[in-house]
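Structural overview for review
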Amino acid sequence: MAEAPPLRFRVPEPLARPGEQPDFSYVQISDPGAVQRPDVAAASAELRDLSYSLICVLGDDGVAVGQWAPEIRAEALIVGLRAMMTTRAYDARMLRAQRQGKTSFYIASTGEEAIAVGQALELGQRDMFFPTYRQQGWLVARGWPLVQMMCQVFSNEQDRLRGRQMPIMYSAKDVGFFSISGNLGTQYIQAVGWAMASAIKGDTAIASGVVGEGATAEADFHHALTFASTYDAPVILNVVNNQWAISSFQGIAGGEGPSFAARAIGYGIPGLRVDGNDYLAVVAATRWAAERARSNHGPTVIEWVTYRAAAHSTSDDPSKYRPKDEWKSWPLGDPIDRLQRHLIASGAWSHEQHADLHADIERLVLEAAKEAESYGTLLDGRVASSKSIFDDVFEVMPPHLRRQQRELEG
Amino acid sequence: MTDRKLSYAGAFNEAVRQAMEADGNVFAAGEDIGAFGGVFGTYAGLQATFGVDRVVDTPISEQAIVGLGIGAAVTGLRPIVDLMFMDFVCVAMDQIVNQAAKLKYMFGGSATLPLTITTAAGAGLSAAAQHSQSLEALLCHIPGLKVVYPSNPYDMKGLMTACIREDNPTVMIKHKRLLGMNGIVPEENYEIALGAAHIARSGKDVTVIAYGRMLNESLTAAKTLAADGIECEVVDLRTLQPLDTASIVASVKRTNHVVVVHEAVRFGGLGAEIAAQIQEEAFDYLDAPVMRVAAPFSPVPFSPALEQHYVPDALSIATGIRAVLERSPVGR
Ligand SMILES: Cc1ncc(C[n+]2csc(CCOP(=O)(O)OP(=O)(O)O)c2C)c(N)n1
């Protein structure tokens, strides 16, 4: 027998580091319209191909093609466009506020707005979304007041969470938005639990949970898939593959192997791999998965292929680990541009209308920021009373906390 | 002998670098520690020197990171595994508590775990409830783990070196607010023994026991009180488990008054254990009850305005010290 070689292990490396040419040759892309749309009742074993192809509806010419092209009115698409543009403008304004010291931390969703916005507008009013910190588009699309979001970002007098929660970790029960966790992944299995509770109650509402591709390494991801598959829970399990997890490229989460969508196959769950920058594909895939869940055919995993155009957060410096302007080479483009092109190609929209909408949004976001700032920012220290430290630790404040609260008041 | 200034983060980095140079069995693994050098920069430049397979970027899975470290440590390697924030210790608790801490015992002594877990703790950066915690008491409660918490760059280098050379699993806790603290740090390698406290300032009136960032706040408080003629003896625990009870008791016998300070919540914190040990071993020497200055019993709030009320500081420590002395029948 030949002598065995010394063993090795392999550490995945991104194709391009700072100073090098961006290289997205690893991203497998299907032609728009090329992927078949199966019946929502299809057995998961028949759906394996969907984990390796890319569901994409919009071609370069902006025309929607193929079986996945959803039936959707132009007015509804314009609502989505507006929400994506508002989210982007909101992010830009808040990043600026952070630089000015009005808040200490911010996370932008630039380049991946279509996913949260598309889900917000496609899912039902009573469905529940279990977001990550990059899904603010849901709140914007559901018409949650920008001023309220900003008040939390500024941690001011009007902050509903009274200075206790991170600036970007919103929660809004009234629009089906669960609280965001700073510790990754926890929301995924909670979404499954929520969906099972809905079934226990005999209700019709479903849940949709989100993780980033990086966080699929956490056990929570695997727990959620195991439970969802065991109980055929009425839930959509989204993986936002934006290629980067802080400084780690998607290969560090195992992305060089089978797709993230294909993780579902081993659990007997259908896994769709979808162009996350194609608003129509987002609507179509969400609709398919929601129908499947609502008709008791069980969970769906959806990998949204997108790109994190922004820094991870305001504490991050991407120039240390990826080529500058890598996003400009991203093969799936920009979700706002692509939807705009589609609407114009279909005759429902014009460049002038787009420019007007843009100006309108800029004005609204600025007005909201002015109002929110009038209630205070981190710069002027107009914040909730320090007494509130002890509120909501327990349902009813126990005596030893009441005592500490009195001591703090002095 | 060359003494130059280095930051707390730099001292940590140098300890790791020198250990990796000296011993091919040492390697590091953790989230974002490679090209990025760790989100706090504590692993900066190490991957460039030692390569991607000795400074390993891992998937985001804390229990896997610690489990990987355990698997590698039992083979005789000396892994350093990083948990970005101390809050994530909770995600890895099964591997830390039920595995790392107990394997030697459960293997009848035949397994050795030279594993170092490094993490960043503490409030003061507006990072809110899930990224600001001080959870050292949870770890100190577990037989089998050593827990280390340096208060300055010099100690950081010596203690981190000791952790890497230690044959038991250790947890090295870095305080986030100390990362930029500068101090004299010798270039050559040195070790500070685990399990030994250090008298950071001598005084005859009151013993102030602290560690990590609170040690520095306590020194500031001691300086202010000195102006009023109150002489504080400030004890830096350096290692929280095993606790250097002998040094604590010796100091208490000299001063007869004690204040224990920590940033973790007061209830069930290290201060409770220290107070209990003092009353067991030096009760007759106490002129006043042991005072604890610590955080209130709530999660850490985000807003700097709230957080500033939450975290103890030199002022609240000085107030605590005065209160103990006022309580004392002999005064000072
Ligand atoms: C349990 C836990 N581990 C690590 C972190 C630190 N962390 C915050 S965001 C992040 C990257 C997450 O990447 P991904 O899941 O891909 O989401 P993205 O940020 O790209 O949207 C890491 C490692 C954390 N917050 N929680």
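The shown structure was predicted, so the numbers you read here are calculated from the model rather than taken from an experiment.

**Description of the overall build of chain A**
- From N to C terminus, chain A includes 10 helices and 7 strands.
- Here the C-alpha atoms of chain A give a radius of gyration of 22 Å, agreeing with the 22 Å that 2.2 N^0.38 yields for 410 residues.
- Along the three orthogonal principal directions, the C-alpha set of chain A runs to about 75 × 65 × 55 Å.
- By residue count, 52% of the 410 residues in chain A fall in the buried class.

**A look at the domain arrangement of chain B**
All names here are of chain B.
- Partitioning chain B into structural domains gives domain 1 (3-186) and domain 2 (198-327).
- With centres defined by C-alpha atoms, the gap from domain 1 to domain 2 works out at 26 Å.
- Taken together, the contacts link 25 residues of domain 1 with 25 residues of domain 2.
- Among the elements of the structure, α6 (136-140), β6 (146-148), α7 (153-165) and β7 (170-175) are those that each provide at least two residues to the side of domain 1 that touches domain 2.
- Of the residues that constitute the side of domain 1 that touches domain 2, the class distribution is 13 nonpolar, 8 polar and 4 charged.

**Considerations on the pairing of strand β6 (residues 271-275) of chain A**
Residue and element names in this part refer to chain A.
- When you tally the buried positions in β6, you get 5 out of 5 residues, the bulk of the element.
- Covered by surrounding structure in β6 are G271, R273 and D275 together with L272 and V274, the residues of both alternating faces.
- For the segment spanning β6, helix α7 (residues 279-294) and strand β7 (residues 300-305), crossover handedness is right-handed.

**Description of the packing of helix α1 (residues 74-99) of chain A against helix α8 (residues 335-345) of chain A**
All names here are of chain A.
- It is at 10 Å that the axes of α1 and α8 come closest, and there the two elements cross at 155°. As far as their axial angle goes, α8 and α1 are roughly antiparallel. Crossing handedness for the pair α1 and α8: left-handed. When α1 is examined against α8, the residues A74, L77, I78, G80, L81, M84, M85 and R88 are found in contact with a partner set consisting of P335, I336, L339, Q340 and L343.
- Taken together, the residues that form the contact of α1 with α8 break down as 10 nonpolar, 2 polar and 1 charged.

**Quick notes on the site of the ligand**
- If you check the shell around the ligand, you find 23 residues, and the closest are L184(A), G212(A), G214(A), A215(A) and A245(A).
- Bordering the ligand are residues originating from chains A and B.
- Every element with two or more residues in the shell around the ligand is listed here: β2 (207-212) and β4 (244-245) of chain A.
- Taken together, the residues that form the shell around the ligand break down as 11 nonpolar, 7 polar and 5 charged.

**A few points about the interface of chain A and chain B**
- Of the residues lining the interface, 39 residues belong to chain A; the matching set on chain B comes to 30 residues.
- With 4 residues, helix α10 (residues 399-409) of chain A is the largest single contributor of residues to the side of chain A that touches chain B.
- Of the residues belonging to the side of chain A that touches chain B, the class tally is 20 nonpolar, 15 polar and 4 charged.

**Topic: the pairing of β7(A)**
Residue and element names in this part refer to chain A.
- Where burial is concerned, most of β7 is hidden: 6 out of the 6 residues are buried.
- Side chains of β7 alternate between two faces, with T300, I302 and W304 and V301, E303 and V305 buried alike.
- Of the strand pairs in this sheet, strand β3 (residues 235-241) and β7 are connected by 6 bridges, and their pairing is parallel. Looking at β7, one finds that L237 is bridged to V301.
- Note: β6 against β7, 5 bridges, orientation parallel. Bridge pairing links R273 to E303 in β7.

**Some points on α7(A)**
- Taking 1.5 Å of rise per residue, the 16 residues of α7(A) would be expected to cover 22 Å, and the 22 Å separating its terminal C-alpha atoms lies within 8% of that figure.
- Of all 16 residues that make up α7(A), 13 are buried, and the element is covered over most of its length.

**Description of the environment of M93(B)**
- Assignment of secondary structure puts M93(B) in helix α4 (residues 93-100).
- Separated by 39 residues in the primary sequence, M93(B) and R54(B) have C-alpha atoms spaced 25 Å apart.

Analysis parameters
Residue indices follow the written sequence of each chain, beginning from 1 at its first position. Labels are handed out in written order, letters beginning with A for the chains and numbers beginning with 1 for the ligands. Only residues with pLDDT of at least 70 get local features here, since the model is predicted, and only at 80 or more are side-chain atom pairs given and counted; chain-wide, interface and lining totals rely on the full set of residues. Secondary structure elements follow DSSP: runs of H or I of four or more residues count as helices, runs of E of two or more count as strands, with numbering from the N terminus. Using C-alpha atoms as the atom set, the radius of gyration is obtained and then compared with a globule rule of 2.2 Å times the number of residues to the power 0.38. The burial criterion counts other C-beta atoms lying within 10 Å of a residue's C-beta, which is placed from the backbone; the residue is buried at 20 or more, exposed at 12 or fewer, and partly exposed between these limits. Domain start and stop points were drawn from an automatic or database domain assignment. By definition, residue pairs are in contact when their C-beta atoms, positioned from the backbone, come within 7 Å. Throughout this entry, Asp, Glu, Lys and Arg are counted as charged residues, while Ala, Val, Leu, Ile, Met, Phe, Trp, Tyr, Cys and Pro are counted as nonpolar. The remaining residues, Gly among them, count as polar. We call a crossover right-handed when, viewed with both strands directed away from the observer, the connection leading from the first strand over the helix to the second proceeds clockwise. Axis angles are defined between N-to-C directions and span 0 to 180 degrees, where every axis is a line fitted to C-alpha atoms and, for a helix, only to the segment in contact. We call two directions roughly parallel when the angle between them is under 35 degrees, roughly antiparallel when it is over 145, roughly perpendicular when it lies between 65 and 115, and oblique otherwise. Each crossing gets its hand from how the near helix is turned against the far one by less than a right angle, where anticlockwise is left-handed and clockwise is right-handed. Residues are classed as near a molecule or strand if the C-beta position derived from their backbone is within 6 Å of it. The pairing criterion is simple: DSSP has to find at least two bridges between the two strands. Here the expected length of a helix is defined as 1.5 Å per residue gap, with one fewer gap than residues.

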